Each structure stands twice: as C-alpha cells, then as structure tokens.
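Residue-level listing of the chains:
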Amino acid sequence: MKELSIKPQIFSFDTCKEFCEAYQIGEGDLIITNEYIFNPYFTELGIKAEVLYQEKYGMGEPSDEMAEAMYADMKGDYKRIIAIGGGTIIDISKIFALKNVSPILDLYDGKAEIIKDKELVLVPTTCGTGSEVTNLSILELKSRHTKLGLALDEMYADSAVMVPELLKGLPFKFFATSSIDALIHALESSLSPEATPYTELFGYEAIKMILTGYKEIAKNGEDARMPLLKDFLIASNYAGIAFGNAGCAAVHAMSYPLGGTYHVPHGEANYALLIGVFKAYIELDPNGKIRKLNQFIADILGCKEDVVYDELEKLLNQIILCKPLHEYGVTKEDLDVFTDTVMTKQGRLMARNYATLDRDKVYEIYSKLY
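Everything in this summary refers to the structure shown in the same document. All values reported here derive from a predicted model rather than from experimental measurement.

**Details of the pattern of salt bridges**
So, step 1. Within the structure shown, the criterion is met by 18 salt bridges.
So, step 2. Notably, a salt bridge pairs glutamate 305 with arginine 291, separated by 3.5 Å at the nearest N-O pair. Here glutamate 305 is found in the loop between helix H11 (290-301) and helix H12 (308-319), whereas its partner arginine 291 is found in helix H11, with 14 residues between them in sequence.
So, step 3. Residue lysine 361 pairs with glutamate 364 through a salt bridge whose shortest N-O separation is 3.2 Å. Here lysine 361 and its partner glutamate 364 are both found in helix H15 (residues 359-369), three residues apart, which amounts to about one turn of the helix.
So, step 4. Lysine 361 gets classed as buried once you look at its relative accessible area, which sits at 13%.
So, step 5. Here glutamate 364 falls in the partly exposed class, since its relative accessible area comes to 28%.
So, step 6. Linked through salt bridges whose partners overlap, the residues forming this network are Glu283, Lys361, Glu364 and Lys368.

Okay, structure coming up:
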C-alpha cells in the first residue's frame with residue numbers, strides 16, 4: 001500500500017526578489033499571473049519573461065472557455081510555465097504544461113494524448129488551494145454546466161514555491177475563504193478511507209496551525225494574521241499534501257454544483273457545506289475514525305467533544321460569516337438538481353466519504369443548509 005507521495009520539490013523564499021534570482025527567470029519563461037500581483041512585486045525586478053494576465057480572459061473560477069482563450073494567445077515556444085496566483089491560475093497552468101491542450105474537453109474525456117513538454121513552477125498567492133503539490137485541475141466546463149476535476153501525473157509541478165511576501169496584499173475576505181478551504185482539505189483527507197498515518201500527520205498539523213491562527217485573529221482582529229502568514233501558507237501546503245494523497249469527499253462534491261451554477265468562489269462554496277456534512281457524519285457513525293478528529297479539534301478549541309462542530313462554527317463565523325444557500329440565489333428546485341448532480345457526477349469524491357451518504361441524506365444536508 002502506498003503511504004505517501006510528494007512529487008514536486010518544495011522551496012521557500014522570503015521575497016519575490018530572492019525567488020526570481022534563484023530561478024533565473026527570463027527569456028523562454030511564461031509567467032501566468034494577475035496584474036495586481038505582478039505590478040507591485042515583480043515589475044521593478046526587470047524580468048524579461050513573457051507575462052500573461054489571467055483576468056483579461058474572465059473573472060472568477062477557472063473554466064474551459066477561459067483556458068482556451070488564454071491558450072490561443074500563447075505564441076511562444078516556452079521552456080517553463082511559471083504560475084503565480086491563486087487556484088484559478090494554478091489549475092489552468094497545470095494544463096498548459098502539456099503538449100496537447102486544445103480542445104480541453106478532449107483532456108477531460110480521455111481523448112487527448114498526454115505528454116508533458118514544459119517545466120512547471122507553481123507559486124501560490126493564497127493560503128488555501130494547496131494545489132501547488134497536487135496533480136488536480138478543476139475547471140468549470142461551461143457547455144456541460146458543471147465543474148470537474150482532471151488528475152494526471154503529468155500535471156504535477158516540478159517545483160512548488162512558497163513566498164510569504166505574496167500574501168501581504170491578500171484582502172482579508174480572500175485570506176479567510178482560502179484558509180478555510182485549506183482547513184477543509186485537511187479535515188476531509190483525515191477522514192478519507194485512503195488516509196494513512198503519513199497523510200494524517202500533514203492533515204492534523206494543518207488543522208492545528210489554522211485553528212490556532214484563527215483563535216488569534218478572533219481575539220485580536222484581522223491584522224493579527226500578518227505575523228502568521230507564513231504559518232498559514234505552510235498549513236495550506238501541508239493540507240495540499242494530505243488531500244493530494246488521501247483525497248477530499250462530500251464537502252467538495254456538494255459544493256461543485258453551487259460553485260458551477262452560481263459562481264460562488266471555491267473556498268466559500270466549500271465553507272457553506274462544511275458543518276452540514278460533518279454533522280451528518282456524526283449522526284451516521286459517531287464512534288468511528290471521526291471521534292479521534294473530534295477530540296483533536298475539541299482540545300484546540302477548549303470545548304467538549306459533543307459540541308465541537310457548534311464551537312467550530314462559532315469560530316469560523318468570527319473569521320467570515322457562513323451564508324445559507326438561498327443567499328447565493330439557490331432555489332428549492334435547485335436542491336433536487338444539485339443532489340442528482342452529486343450522485344451521478346461526483347462518484348470519485350463521494351467514494352471517499354467517511355460515512356455513506358445516499359441520495360436522501362445528500363438532499364437532507366442541502367435542505368438544512370438552505
């Protein structure tokens with residue numbers, strides 16, 4: 001049985017200048033980023049690489065249409081793809097490391113020959129996706145009105161690079177939703193049937209680091225995150241290692257219809273489902289593997305085990321308020337559609353649930369969160 005795999009080399013630099021010097025970024029490199037990231041941190045460094053700004057091709061979550069438009073403007077014969085950004089940029093850039101990119105739907109349908117022909121360097125600018133160490137690319141497939149993940153070993157980065165300086169300009173809301181996403185990666189992977197003692201080591205440590213940081217922020221305000229940015233970046237990376245090996249489950253599966261239909265950012269959509277799914281797990285099997293996790297969280301929060309998810313919800317709401325589904329525009333009719341989508345299209349994720357969630361239970365969770 002495989003216990004753990006970490007494919008990219010992991011590097012860290014305190015500043016963008018140190019990173020650029022170490023990697024000798026220049027001609028032959030394509031940087032995929034956002035202008036609001038590149039200008040304050042990289043413009044003065046005089047980098048001679050070509051730069052592609054993702055926001056010029058659409059806003060929000062990554063989609064096949066966005067990626068196709070970006071790929072059409074990639075004219076050079078690049079040696080390296082260097083992605084500097086959040087989940088949208090990282091997920092799209094993984095696909096661009098491949099030789100055969102378009103039509104992207106052929107990749108998702110298994111029709112394209114998979115060859116990696118460019119070095120891939122991934123630099124996260126949020127503390128949430130953990131995607132820099134996974135081989136997973138999640139895109140909204142516009143013509144199919146859904147979000148799907150593509151996992152290929154050829155999409156692993158050659159290097160994952162941590163630069164805490166890049167988190168300093170991250171607005172608090174995005175810090176909050178991205179770090180909650182990392183927390184969910186750690187929680188779901190720790191309960192996965194594919195979890196091992198090695199993946200749990202990374203998952204549990206990520207949970208501890210994130211919740212300890214949240215307690216500090218809840219006590220002392222938003223600016224209290226600034227000295228903790230490196231810790232949150234490392235925690236996100238740990239969570240990425242954990243879920244890259246053990247996988248995620250129902251929280252992610254149930255969030256995809258919400259994100260795909262109403263364009264809710266990934267971390268926020270996951271947050272909307274988190275407590276509902278975990279309370280359902282407790283109802284179904286309170287004495288299994290989840291009991292260890294509950295006690296671990298209760299010790300961090302200083303509460304009793306039987307109220308751990310109530311107390312977790314209170315803490316998370318001090319970081320960012322969790323909204324009911326109807327506030328995103330979800331209708332009662334959507335709940336049936338969402339449930340069917342989860343049960344028919346998210347089998348890969350639902351197979352990793354801590355407890356079996358049948359159609360009735362999935363619908364019940366959506367209804368309680370509505």
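**As for the nonpolar core**
So, step 1. Tyr214, Leu258, Leu273, Phe278 and Tyr281 are the most contacted members of the largest nonpolar core, which has 85 residues in total.
So, step 2. In contact with leucine 258, other than residues within four places in its own chain, are His263, Val264, Ala269, Ala272, Leu273, Leu325, Tyr328, Val330 and Phe338.
So, step 3. Counting residues in hydrophobic clusters, the runner-up holds 29 residues, among them Met70, Tyr78, Val101 and Leu107.

**Let's talk about the sheet that holds strand E8 (residues 159-162)**
So, step 1. If you trace the six strands from one edge of the open sheet to the other, you get E1-E8-E5-E4-E2-E3, paired in parallel fashion. Because the sheet does not close on itself, it has two edges, and the strands there are strand E1 (9-12) and strand E3 (50-53). Each adjacent strand pair in this sheet contributes to an overall mean axis angle of 20 degrees, direction not counted.
So, step 2. Pairing of strand E5 (residues 119-124) with E8, which is carried by two bridges, proceeds in the parallel orientation. Paired with valine 121 across the two strands is serine 159, which belongs to E8.
So, step 3. The strands touched by helix H4 (residues 87-96) within the sheet are strand E2 (29-33), strand E4 (80-85) and E5, with E4 carrying the most contacts at an inclination of about 170 degrees.

**Focus: the side chain of asparagine 270**
So, step 1. Among the secondary structure elements, asparagine 270 is positioned in helix H10 (residues 266-284).
So, step 2. On the accessibility criterion, asparagine 270 (0% relative accessible area) is buried.
So, step 3. Those residues within four positions of asparagine 270 in sequence are excluded, and the remaining contacts are Asp181, Ile184, Val251, His252 and Ser255.

**Points about unusual backbone geometry**
So, step 1. Looking along the chain, the bond that leaves serine 102 and enters proline 103 is cis, with omega of 0 degrees.
So, step 2. By the element assignment, proline 103 lies in the loop between H4 and helix H5 (104-108).
So, step 3. Phi is positive for glutamine 24, close to 50 degrees, though the residue is something other than glycine.
So, step 4. Topologically, glutamine 24 is positioned in the loop between helix H1 (16-23) and E2.
So, step 5. Backbone geometry at histidine 263 places phi at a positive 55 degrees, although glycine is not the residue there.
So, step 6. Secondary-structure assignment places histidine 263 in the loop between helix H9 (250-262) and H10.

**Focus: the packing of helix H7 (residues 197-220) against H11**
So, step 1. Their axes nearest at 10 Å, the elements H7 and H11 cross at an angle of 30 degrees. In terms of axis orientation, H7 runs roughly parallel to H11. Like other packed secondary-structure pairs, H7 and H11 cross with a definite hand, here right-handed. Taken together, the residues of H11 that come into contact with H7 (itself represented by Glu200, Tyr204, Ile207, Lys208, Leu211, Thr212 and Lys215) are Lys292, Leu293, Phe296, Ile297 and Ile300.
So, step 2. A per-class count over the contact of H7 with H11 returns seven nonpolar, one polar and four charged.

Conventions we followed
Residues numbered from 1 in each chain as written. Predicted model: local features only at pLDDT ≥ 70, side-chain atom pairs only at ≥ 80, totals over all residues. Heavy atoms only, no water. Salt bridge = Lys/Arg side-chain N within 4 Å of Asp/Glu carboxyl O. Helix = DSSP H or I, 4+ residues; strand = E, 2+ residues; numbered from the N terminus. Buried < 20%, exposed > 50% of the residue type's maximum accessible area, 1.4 Å probe, protein only. Core = buried A, V, L, I, M, F, W, Y, C linked by side-chain atoms within 4.5 Å. Contact = heavy atoms within 4.5 Å. Pairing = 2+ DSSP bridges. Axes fitted to C-alpha atoms, helices over the stretch in contact; angles between N-to-C directions. Parallel < 35°, antiparallel > 145°, perpendicular 65-115°, else oblique. Left-handed = near helix turned anticlockwise from the far one by under 90°. Nonpolar A, V, L, I, M, F, W, Y, C, P; charged D, E, K, R; others polar.

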